[in-house]
Amino acid sequence: AVEEGEKGGADESGAERREESRADKQRLRIADPKQSSACHGEDRGGREGGVRDESGDLDKAGADAKEERAVLRIGREEFMRIVRVYCKVVKEIVLSDNLMIEGGRQIRQMEVGEVVEVYQGPVVEPSVSVLRVHGRALRDGAIGWVTISGSQGATFLVPGGNVMRALRPLALAVDLKDAVGAAPVRALRAGEVLEVLDWARTSRSALGVTRVRARVRGDGAVGWATAADGSGRYLEAL
């Protein structure tokens, strides 16, 4: 009986030692990063197992959105250049003060080659069923209504006028009122082509001169140039 008790005690001691050994091994496995990676959801490469870190993707998406907004952002000058509509006169036509031709007051005759900035239209003139536009003549700033095409098929206005060509040498100046080119950006040669960005009159009086702010095709120089004065035209619409 004593031997059996001693044997039983030895068995219990051996079982305790084996249990402690297993616990020690378990602690070693947890302490070893390679062994404990599965507990933290990581694979052997140290990456999150089945869990994707999307912070980088979110940062990239945010950067792309900012870049897209920057591309879409345009300045006032560029916006006005896009939305402005010009027409050039290809056949002499009357500029009048009313949409209705009958009863309207004639302002003046528009000559071939003149340019009109369109403010409204085309609008149908109901009495004779022709299309008319309301706008401002670049030559002298006169505002009124002009017929695009007549009822018999004659065409008076066509799209164009935002691109011009120099008919003779003139100065491209920094300031609107510098018609003599006292502070020139550079000299323009006959035949050079300009893209109209804006236009204005140097004054409201009859002595005022129409000038355009334009970008020269080729070198991109920007400045004011005289379109026409008392001596004639310097620029023609293409």
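Report on the accompanying structure. (Residues numbered from 1 in each chain as written. Predicted model: local features only at pLDDT ≥ 70, side-chain atom pairs only at ≥ 80, totals over all residues. Heavy atoms only, no water.)

### Here's the deal with the pairing of strand β12 (residues 210-216)
- Where burial is concerned, most of β12 is hidden: 5 out of the 7 residues are buried.
- By the bridge criterion, 7 bridges tie strand β11 (residues 193-201) to β12 in an arrangement that is antiparallel. Residue pairing in the sheet places tryptophan 199 in a bridge with valine 212 of β12.
- Connecting the antiparallel pair β12 and strand β13 (residues 222-229) is a turn made up of 5 residues, with glycine 218 showing a positive phi of about 130°. (Buried < 20%, exposed > 50% of the residue type's maximum accessible area, 1.4 Å probe, protein only. Helix = DSSP H or I, 4+ residues; strand = E, 2+ residues; numbered from the N terminus. Pairing = 2+ DSSP bridges.)

### Quick notes on the packing of aromatic side chains
- As enumerated under the stated definition, the model contains 0 aromatic pairs in all.
- Just above the ring of tyrosine 234 sits the side chain of arginine 168; from NZ or CZ to the centre is 3.9 Å. (Phe/Tyr/Trp six-rings, centres within 6.5 Å; stacked < 30°, edge-to-face > 60°. Lys NZ or Arg CZ within 6 Å of the ring centre and 35° of its normal.)

### Examining the pattern of salt bridges
- Overall, the coordinates contain 12 salt bridges when judged by the stated rule.
- Residue aspartate 219 pairs with arginine 186 through a salt bridge whose shortest N-O separation is 2.8 Å. One end of the pair, aspartate 219, is in the loop between β12 and β13; the other, arginine 186, is in strand β10 (residues 184-188), and 33 residues separate them in sequence.
- Taking the relative accessible area as the measure of exposure, aspartate 219 reaches 48% and is therefore partly exposed.
- A residue is classified by how much of its surface remains accessible, and arginine 186, at 19% relative accessible area, is buried.
- Glutamate 195 serves as the salt-bridge partner of arginine 215, at 3.7 Å between the closest nitrogen and oxygen. Here arginine 215, found in strand β12, pairs with glutamate 195, found in strand β11; they are 20 residues apart in sequence, far enough to count as distant. (Salt bridge = Lys/Arg side-chain N within 4 Å of Asp/Glu carboxyl O.)

### Examining the pairing of strand β8 (residues 163-166)
- Bridge analysis of β8 against β11 gives 3 bridges, and the strand direction is antiparallel. Note that in β11 the partner of valine 163 across the bridge is glutamate 195.
- Two strands pair when backbone bridges link them, and β8 and strand β15 (residues 235-237) are joined in this way by 3 bridges, in the antiparallel orientation. Counterpart to arginine 165 in the pairing with β15 is glutamate 236.

### Structural notes on the environment of proline 184
- Tracing the backbone shows proline 184 in strand β10.
- Considering only alpha carbons, one finds proline 184 and alanine 173, 11 residues apart in sequence, at a separation of 4.0 Å.
- Among residues more than four places away in sequence, those in contact with proline 184 are Ala171, Leu172 and Ala173. (Contact = heavy atoms within 4.5 Å.)

### Quick word on the nonpolar core
- Counting residues in each nonpolar core, the largest one holds 20 residues, and the members touching the most others are Leu138, Leu170, Leu172, Leu188, Leu194, Val212 and Leu235.
- Among the elements of the structure, β8, β9 (170-173), β11, β12, β13 and β15 are those that each provide at least two residues to this core.
- Taken domain by domain, the makeup of this core includes at least three residues from each of domain 1 (78-159) and domain 2 (163-237).
- Among all residues touching leucine 188, those that are not within four sequence positions of it are Pro169, Leu170, Leu172, Leu194, Val216 and Ala225.
- Judged by nonpolar contacts, the second largest core, of 14 residues, contains Val89, Leu95, Val133 and Ile148. (Core = buried A, V, L, I, M, F, W, Y, C linked by side-chain atoms within 4.5 Å. Domains from an automatic or database assignment.)

### Observations concerning the environment of lysine 177
- If you trace the backbone, lysine 177 turns up in the loop between β9 and β10.
- Residue classification places lysine 177 among the exposed residues on the basis of a relative accessible area of 61%.
- Distance in space between the C-alpha atoms of lysine 177 and alanine 225 is 9.8 Å, their sequence separation being 48 residues.

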